[in-house]
Amino acid sequence: ATSNARMRPFPSHAAAFAARIGAKHPIVLAPMLAHTTPRLCAAAANAGVVAFEGAGQLGKDVLVSRIRETQAMLNAGAVFGVNLFVPSGFYTDPSSWTEPQAAAVEVARERYEGYLSELSGEAAGTAAPSLSREEHQAVFSGQVDALLETGVKLVSFHFGWPDAAEAGRLREAGATLQGCATTV
């Protein structure tokens, strides 16, 4: 048996963050695209932690549906947010890659397809066609529209910060914005 006396209190900055956004506990359910389901997000948020849905490259309609499904299961006071990928932070035009970069991407793709085949027992399919930066930006703008339409008040970002216009739209609607670091 473990003793609660051995547990350390949360750092004051973590407790302050939780208090500022209305969570009971300074714990975050990470926005794990394809792994955080509406049911998981709602359960975590209802338990008093900050729960994030990962939007990745979900289209507006799919994202609206997932948000509404989550919201329907939330208790009053539950803290729920959505994480978006900022296109300017992750998109790079393959034509700008150096030869070593292109080779590294090819090795990673081959490994990924090998692991996928091994785990699924099926031959890996062809990778999805790459979108242009403009197409990624259009998806992102649709996601911002989805957040505004559904009233999401907590938004986090991976791979950068949105431009002033998109951030402004969210702030004007009363959303709290935060950045995320995938490595430190």
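Residues numbered from 1 in each chain as written. Predicted model: local features only at pLDDT ≥ 70, side-chain atom pairs only at ≥ 80, totals over all residues. Heavy atoms only, no water.

S.K.: Describe the overall build of the chain, naming the residues involved and giving the relevant values.
M.R.: Each helix and strand counted, the chain has seven helices and five strands in total. Of the regular secondary structure in the chain, the N- to C-terminal order runs α-β-α-β-α-β-α-α-α-β-α-β. Put simply, the chain has 184 residues, and 30% of those count as buried. Counted over contacts in the chain with a minimum sequence separation of 6, partners at least 24 positions apart contribute 63%. Of the accessible surface of the chain, which amounts to about 11,300 Å², a share of 57% is contributed by carbon and sulfur atoms. (Helix = DSSP H or I, 4+ residues; strand = E, 2+ residues; numbered from the N terminus. Buried < 20%, exposed > 50% of the residue type's maximum accessible area, 1.4 Å probe, protein only. Contact = heavy atoms within 4.5 Å. Areas by Shrake-Rupley, 256 points an atom, 1.4 Å probe, with all protein chains shown as cover.)

S.K.: Explain the packing of aromatic side chains residue by residue, including any values.
M.R.: Under the counting rule described, the total for this entry stands at two aromatic pairs. Relative to Phe159, the ring of Phe85 has its centre 4.9 Å away and its plane inclined at 70°; by these criteria the two rings are edge-to-face. One end of the pair, Phe85, is in strand E3 (residues 79-85); the other, Phe159, is in the loop between strand E4 (154-158) and helix H7 (164-172), and 74 residues separate them in sequence. (Phe/Tyr/Trp six-rings, centres within 6.5 Å; stacked < 30°, edge-to-face > 60°.)

S.K.: Before we move on, can you summarise the pattern of salt bridges with the specific residues and values?
M.R.: Where charged atoms from two side chains of opposite charge come close, those side chains can pair. Counting across every chain of the model gives five salt bridges. Note that Glu53 is salt-bridged to Arg66, the shortest N-O span being 2.9 Å. You can see Glu53 sitting in strand E2 (residues 50-54) and its partner Arg66 sitting in helix H3 (residues 60-73), a full 13 residues away along the chain. For Glu166, the salt bridge identified is with Arg169, shortest N-O distance 2.7 Å. With a gap of three residues between them, Glu166 and Arg169 both fall in helix H7, about one helical turn apart. Judged by its relative accessible area of 29%, Arg169 is partly exposed. (Salt bridge = Lys/Arg side-chain N within 4 Å of Asp/Glu carboxyl O.)

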